[in-house]
Amino acid sequence: MYIYSDFDAEFVRSRVKQFRSQVERRIDGSLTEDEFKPLRLMNGLYLQLHAYMLRVAVPYGTLDAPKMRKLADIADKWDKGYGHFTTRQNIQFNWPLLKDVPDILDALADVEMHAIQTSGNCIRNVTADHFSGAAADEIEDPRPTAELIRQWSTDHPEFAFLPRKFKVAVTGSPNDRAVTKAHDIGLRMVRNDAGEAGYEVIIGGGLGRTPMIGKILRDFLPKADLLPYLEAVLRMYNLHGRRDNKYKARTKILVHETGLETLRGWVEEAFIEHKSSHESPSEALVARIESAFTPPPLDTNIMDFSSLDKKIADDPILRSWVEVNTDEHKNPNYTIVTISLKPIGGTPGDASSSQMRVMADLAERYGHNELRVSHEQNVILPHVRRDDLPAVHAELKKAGLATANVGLISDIIACPGMDYCALATARSIPIAQEIAERFEDMKQARDIGPLKIKISGCINACGHHHVGHIGILGLDKAGVESYQITLGGDGTENATIGQRTGPGFGADDVVSAIERIVDCYMDLREGPDETFLKSYQRTGADPYKIALYGENARVESLKETVNAA
Amino acid sequence: MARAFTPKVVTANDLLDGDVIYLTKNGDWSRKHGAAHLLTIEDEANQWLAKAEAQQEMLVGAYLADASLDDDGKPAPIHFREAFRAKGPSNYPNHGKQAEL
Ligand code: SF4
């Protein structure tokens, strides 16, 4: 865990102090809302449908027990006893009072957390693979990179007023769990022919109104060149990114309109020019950051797990949880546990204060004091000794946190939608709840296999619906909630934007539409090994269109083929 | 022919807690949609909105929302967004205004 320097700590405290006086001046009437709004947004404070919402940054999704406990305390003291983990690995509190927000920010500062740069046209919280530091397939832990970028980008004066927001994601593994291709900049750790670690730099990914998969800007960037290179990218974006139209202001449009080759030329030129004058981070700083992420002392002796394996085999509930909610660790004595925040019928990503405390306790007792928030709105214990699994499971079960559905149909990403968000065009949470209830039977869910459903309540796509195997987008169609379905999206290293099936469905019909899609897949698949995504890629959309819209869809699709010919 | 005017209520969010508020006949603010003043004449609606907008020190984002009279003769929302604002989040029936309904 990175520890604040005196400078960091003082910086965060001074921001809280400033904001305290800004809140006072807003309340006593000396600041108008027009004056106050940009100030509150700079501190992560939004006004939603029913109340204020405070978005707290969880840098690259990493937490420890004291931080998680502090979030629980905040939820109890100043909110309604829960928090909502988001697809940006952050946490949101949905009910703070304006006057309390400075106190909340002070409480966060006590554990080296803040809400800075969680809004606005700046470089946002850097996200990273939620299995970082633990995954068996990892080249290097991506978090020192993410922390370096965080330090460089925090309060960076040149990049405080970009054309639009700028999101960076980093992964250290070839299996991309950080959706790097849907970010303004995605960094994938790779090795060159000499075996040195560096980055593949991806630019111009983004979902939202115009979804685009990022393109490779540089196939190998040495680690030492990271900051000057990023600075060159940001400079070119700052200079050439559009400011005339907010819908055309993200890097994806710059890449699209300028062309990758031209943009690459600009960046390389700026990089060469800039590299000599750029003050690289000192070796001492890099070493200090890296030392903050040294792996915990894990037991490397060869262990005998035969009695554990028997115990797991004999307990069907424990067994299915272990099979579904754990992943391979670099050290075979350990495993990565994903705690599902998707209980059947619950709100995806919500955790009560008592659940947060249980997760904190488990991290301390069994997980080397480490926790991660995933963009899939779950919480990870990255280093659990395998023989502790039964104990961890028992504690999670008591806290209602043992749902064995990670990666399955009920592990749904859903943005807050119109239950909270002022920008929403329809609700997302109730749709997620209903789908999970419809597929409550875990045996059936496991039979269906890996299936990612992602739901957004508007075109901004915070629920990543474009990269869901099944994506659902809530729209307002002439005063009625309507849900558009896309199929075949993929958020991994093979990132793909899902295809629209056709006309949308009303709130009452969307769940049975999903059921028809699933039934269709089960009929079509060549066997349990052919996942939904693979099967869809093989068959294409046509059988699904017929399942959704009936035989008319076949006629329409034939017409399309004829017209195209 | 001029387009028929859909009656409106003036609504905003309270500055201190962000809760949804409605302008009443007396010119004060209520947390209940049913207590809102239903404005059936366009000019009047705009005048009431201007009055609300002048109260910067206690509210945020005043605007006019379509409404109609319900069976009890009280103003009720027309669009689903306004209906949710008048109620609270559907995933926690004990949160927001619906907790007191
Ligand atoms: S996708 Fe739209 S509705 Fe959902 S959180 Fe983002 S802005 Fe709000």
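Engineer: I would appreciate a short explanation of the overall build of chain A in the present structure.
Structural biologist: Looking only at helices and strands, chain A has 19 helices and 21 strands in total. A globule of 565 residues ought to have a C-alpha radius of gyration of about 24 Å, and chain A, at 23 Å, matches this closely. Here the C-alpha coordinates of chain A stretch approximately 65 × 60 × 60 Å along the principal axes. Within the span of chain A, comprising 565 residues, buried residues form 59% of the whole. Intrachain contacts of chain A at a sequence separation of at least 6 include 66% that bridge at least 24 residues. By element, 51% of the accessible surface of chain A is carried by carbon and sulfur atoms, the whole surface being about 22,300 Å². The averaged location of the 81 negative side-chain charges in chain A is 3 Å from the averaged location of its 67 positive side-chain charges.

Engineer: Explain the pairing of strand β8 (residues 185–191) of chain A to me, please; I cannot follow it from the model alone.
Structural biologist: The side chains of a regular strand alternate, residue by residue, between the two faces of the sheet. Residues and elements named next belong to chain A. The buried fraction of β8 is high, at five of seven residues. Bridge count for strand β7 (residues 168–171) against β8 is four bridges, and the pairing is parallel. Paired with valine 168 across the strands is isoleucine 185, a residue of β8. In the sheet, β8 pairs with strand β9 (residues 197–203) via seven bridges, with the strands oriented antiparallel. Bridging across to β9, arginine 188 finds its partner in glutamate 200. Count of turn residues in the β8/β9 antiparallel hairpin: five residues, of which glycine 195 carries a positive phi of about 85 degrees.

Engineer: Please clarify how the site of the ligand should be interpreted in this entry.
Structural biologist: The environment of the ligand is made up of Cys415, Pro416, Gly417, Cys421, Leu423, Ala424, Ser456, Gly457, Cys458, Asn460, Ala461 and Cys462 of chain A. Split by residue class, the shell around the ligand holds eight nonpolar, four polar and no charged.

Engineer: Looking at this structure, I do not really get the domain arrangement of chain A. What am I missing?
Structural biologist: Interfaces are often sized by the amount of accessible area the parts lose when they come together. All names here are of chain A. Split by domain assignment, chain A resolves into domain 1 (6–110), domain 2 (137–291), domain 3 (322–398) and domain 4 (414–564). On a C-alpha basis, the centres of domain 2 and domain 4 stand 31 Å from each other. On the domain 4 side, the residues contacting the twelve residues of domain 2 number twelve residues. Here domain 2 and domain 4 share an interface that buries about 1,000 Å² over both sides, 67% of which is from carbon and sulfur atoms.

Engineer: What am I meant to see in the sheet that holds strand β12 (residues 334–339) of chain A here?
Structural biologist: Within a sheet, each strand pairs with its neighbour through backbone hydrogen bonds, oriented either parallel or antiparallel. All names here are of chain A. Strand order in the open sheet made by the five strands is β3-β14-β15-β12-β11, with antiparallel pairing throughout. Two strands bound the open sheet, and with one partner strand each, they are β3 (62–63) and β11 (326–328). Against the sheet, helix α11 (residues 316–325) engages β11 and β12, with an angle of about 50 degrees to β11. Contacting β11, β12 and β15 (379–385), helix α13 (residues 389–398) runs over the sheet at an angle of about 150 degrees to β15.

Engineer: Before we go on, may I ask you to explain the interface of chain A and chain B in this structure?
Structural biologist: Contact residues are listed per partner, giving 33 residues for chain A and 24 residues for chain B. Where chain A abuts chain B, roughly 2,300 Å² becomes buried across the two surfaces, and 59% of that area is made up of carbon and sulfur atoms. The largest per-residue losses of area from chain A upon contact with chain B belong to Leu49, His50 and Met418 of chain A, which jointly make up 24% of the total buried on that side. Along the contact surface separating chain A from chain B lie zero salt bridges. Between chain A and chain B we count 13 residue pairs in polar contact (both at pLDDT 80 or more) in total.

Engineer: I keep staring at the nonpolar core and nothing clicks. Help me out?
Structural biologist: Note that soluble globular proteins tend to have their nonpolar side chains buried in a common cluster. Residues and elements named next belong to chain A. Met68 and Met359 are the most contacted members of the largest nonpolar core, which has 62 residues in total. Residue-level mapping places this core at the junction of two domains, with at least three residues from each of domain 1 (6–110) and domain 3 (322–398). In this structure, methionine 359 is in contact with Met68, Ile339, Leu341, Ala351, Leu371, Val379, Leu381 and Leu401, ignoring residues within four places of it in sequence. Counting residues in hydrophobic clusters, the runner-up holds 46 residues, among them Val233, Met236, Tyr237 and Ile289.

Engineer: Explanation requested: the packing of aromatic side chains in the structure shown.
Structural biologist: Given two aromatic rings, one states the distance between the centres and the angle between the planes to describe the pair. All names here are of chain A. Counted according to the given criterion, the structure contains 13 aromatic pairs over all chains. With 5.8 Å between their ring centres and 65 degrees between their planes, tyrosine 60 and phenylalanine 293 make a pair best called edge-to-face. With tyrosine 60 in the loop between β2 (52–56) and β3 and phenylalanine 293 in the loop between α9 (283–291) and α10 (306–314), this residue pair connects regions lying 233 residues apart in the sequence. In this structure, tyrosine 60 and phenylalanine 293 share a single accessibility class: buried.

Engineer: Just to check I follow, could you spell out the pattern of salt bridges for this structure?
Structural biologist: In a structure, side chains of opposite charge can pair up when their charged atoms sit close to one another. Residue and element names in this part refer to chain A. Going through the model one piece at a time under the given rule, you end up with 51 salt bridges over all chains. Arginine 357 is paired through a salt bridge with aspartate 73; the nearest N and O atoms lie 2.9 Å apart. Of this pair, arginine 357 sits in helix α12 (residues 353–366) while aspartate 73 is found in helix α3 (residues 65–78), placing the two residues 284 residues apart along the sequence. The exposure class of aspartate 73 is partly exposed, given its relative accessible area of 36%. Taking the shortest distance from any N to any O, the salt bridge between glutamate 268 and arginine 218 comes out at 2.8 Å. Here glutamate 268 is found in helix α8 (residues 260–275), whereas its partner arginine 218 is found in strand β10 (residues 215–222), with 50 residues between them in sequence. The exposure class assigned to arginine 218 is buried, which follows from its relative accessible area of 19%. One network of salt bridges, in which partners are shared, links Arg13, Arg20, Lys70, Asp103, Asp106 and Asp110.

Definitions and cut-offs
Residues numbered from 1 in each chain as written. Chains lettered and ligands numbered in written order. Predicted model: local features only at pLDDT ≥ 70, side-chain atom pairs only at ≥ 80, totals over all residues. Heavy atoms only, no water. Helix = DSSP H or I, 4+ residues; strand = E, 2+ residues; numbered from the N terminus. Rg over C-alpha atoms; globule rule 2.2 N^0.38 Å. Buried < 20%, exposed > 50% of the residue type's maximum accessible area, 1.4 Å probe, protein only. Contact = heavy atoms within 4.5 Å. Areas by Shrake-Rupley, 256 points an atom, 1.4 Å probe, with all protein chains shown as cover. Lys, Arg positive; Asp, Glu negative; His and termini not counted. Charge placed at Lys NZ, Arg CZ, Asp CG, Glu CD. Pairing = 2+ DSSP bridges. Near = heavy atom within 4 Å. Nonpolar A, V, L, I, M, F, W, Y, C, P; charged D, E, K, R; others polar. Domains from an automatic or database assignment. Buried area = accessible area lost by both parts, 1.4 Å probe. Axes fitted to C-alpha atoms, helices over the stretch in contact; angles between N-to-C directions. Salt bridge = Lys/Arg side-chain N within 4 Å of Asp/Glu carboxyl O. Polar contact = N/O pair within 3.5 Å; in protein donor to acceptor, adjacent residues only side chain to side chain. Core = buried A, V, L, I, M, F, W, Y, C linked by side-chain atoms within 4.5 Å. Phe/Tyr/Trp six-rings, centres within 6.5 Å; stacked < 30°, edge-to-face > 60°.

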